Amino acid sequence: MDVIQRIKKVVNWLIFQEIAENERDLADKLGYTKSSFSQIVNGKVPLSEKFVKKLCSFDENINEVWLLNGTETMFKNNLNGENGVVIPTSVWRVIQQQADSLSARDRQVDELIGMLKDQIQEYKKVAAQMVDRVISAAAE
């Protein structure tokens, strides 16, 4: 992976982390025009140390050495000591809401199954009583 690919990876990471909404927003936050930012990210102008430092300043865990030379890892501290995954808070909230919703639906399904079992037992009792009546009537 070359330096331009690593820059793009960091830019995408910062957008994923919701530090910026998109490249234009990130360019503004870095103090660049969209055009200047695009030229740097696409390798059309030389990469300056100032740009790299500003880019890394948005996430202190981004490894500047990796960004410039490709050695070491993208993050200074790997999360959980492994290749961890960071989920933005807003995304986690959506996941949690979905999990809560599914949990509530599971409870509803369990209640419905219980009601259906009760109804089946009632139908079996009624059917057994009808069979008893038919047998009694036939025996007379």
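The structure under discussion appears in the preceding block.
Colleague: Would you explain the overall build of the protein chain in this entry?
Modeller: Across its full length, the protein chain carries six helices and zero strands. When the helices and strands of the protein chain are read in sequence order from the N terminus, they spell out α-α-α-α-α-α. In terms of C-alpha radius of gyration, the protein chain reaches 31 Å, well past the compact-globule figure of 14 Å for 140 residues. The C-alpha extent of the protein chain, read off along each of the three principal axes, is 105 × 30 × 20 Å. Scored against the burial criterion, the 140 residues of the protein chain give a buried share of 21%. Surface summary for the protein chain: the accessible area is close to 10,200 Å², and the carbon and sulfur share equals 53%. Positive and negative side-chain charges in the protein chain, numbering 18 and 20 respectively, have mean positions lying 7 Å apart.

Colleague: Hey, could you run me through the packing of aromatic side chains in this one?
Modeller: A ring pair, where both rings are aromatic, is described by two values, the distance of the centres and the angle of the planes. With the rule as written, the count across this model stands at four aromatic pairs. Ring geometry for Y32 versus F51: centroids 5.4 Å apart, planes at 70 degrees, classification edge-to-face. Placement of the pair is Y32 in the loop between α2 (23–30) and α3 (34–41) and F51 in helix α4 (residues 49–57), with a sequence separation of 19 residues. Between the aromatic rings of F37 and F51, the centroid separation amounts to 6.0 Å while the plane-to-plane angle is 50 degrees, which identifies the pairing as tilted. Of this pair, F37 sits in helix α3 while F51 sits in helix α4, placing them 14 residues apart in sequence. Per residue, the accessibility class of F37 equals that of F51, and both read buried. Counting every residue linked through ring pairs, the aromatic cluster contains W13, F16 and F75.

Colleague: Looking at this model, I keep getting lost on the nonpolar core. Mind explaining?
Modeller: Across soluble globular proteins, you tend to see nonpolar side chains buried next to one another. Judged by nonpolar contacts, the single largest core of 22 residues is most densely connected at V10, L26, F37, F51, L55 and L67. Considering every element that reaches this core, the biggest residue donor is helix α1 (residues 3–16), with five residues. Apart from residues no more than four positions distant in its own chain, F37 is found in contact with V11, E23, L26, A27, L30, Y32 and F51.

Colleague: Mind showing me how you'd approach the side chain of N61 here?
Modeller: Relative to the helices and strands, N61 resides in the loop between α4 and α5 (64–69). With a relative accessible area of 14%, N61 lands in the buried category. N61 has contacts with M74, F75, K76 and N77, leaving out every residue within four places of it along the chain.

Colleague: What am I meant to see in α4 here?
Modeller: Each full turn of the α-helix corresponds to 3.6 residues, which orients residues three or four apart in the same direction. Along α4, the positions that sit buried rather than exposed are F51, V52, L55 and C56. Down the axis, α4 shows its buried residues gathered within 125 degrees of arc, on one side only. Facing away from the buried surface of α4 by more than 90 degrees, the exposed residues are E49, K50 and S57. Taken together, the buried residues of α4 touch α1, α2, α3 and α5.

Reading guide: rules and limits
Residues numbered from 1 in each chain as written. Predicted model: local features only at pLDDT ≥ 70, side-chain atom pairs only at ≥ 80, totals over all residues. Heavy atoms only, no water. Helix = DSSP H or I, 4+ residues; strand = E, 2+ residues; numbered from the N terminus. Rg over C-alpha atoms; globule rule 2.2 N^0.38 Å. Buried < 20%, exposed > 50% of the residue type's maximum accessible area, 1.4 Å probe, protein only. Areas by Shrake-Rupley, 256 points an atom, 1.4 Å probe, with all protein chains shown as cover. Lys, Arg positive; Asp, Glu negative; His and termini not counted. Charge placed at Lys NZ, Arg CZ, Asp CG, Glu CD. Phe/Tyr/Trp six-rings, centres within 6.5 Å; stacked < 30°, edge-to-face > 60°. Core = buried A, V, L, I, M, F, W, Y, C linked by side-chain atoms within 4.5 Å. Contact = heavy atoms within 4.5 Å. Arc of directions from axis to C-beta.

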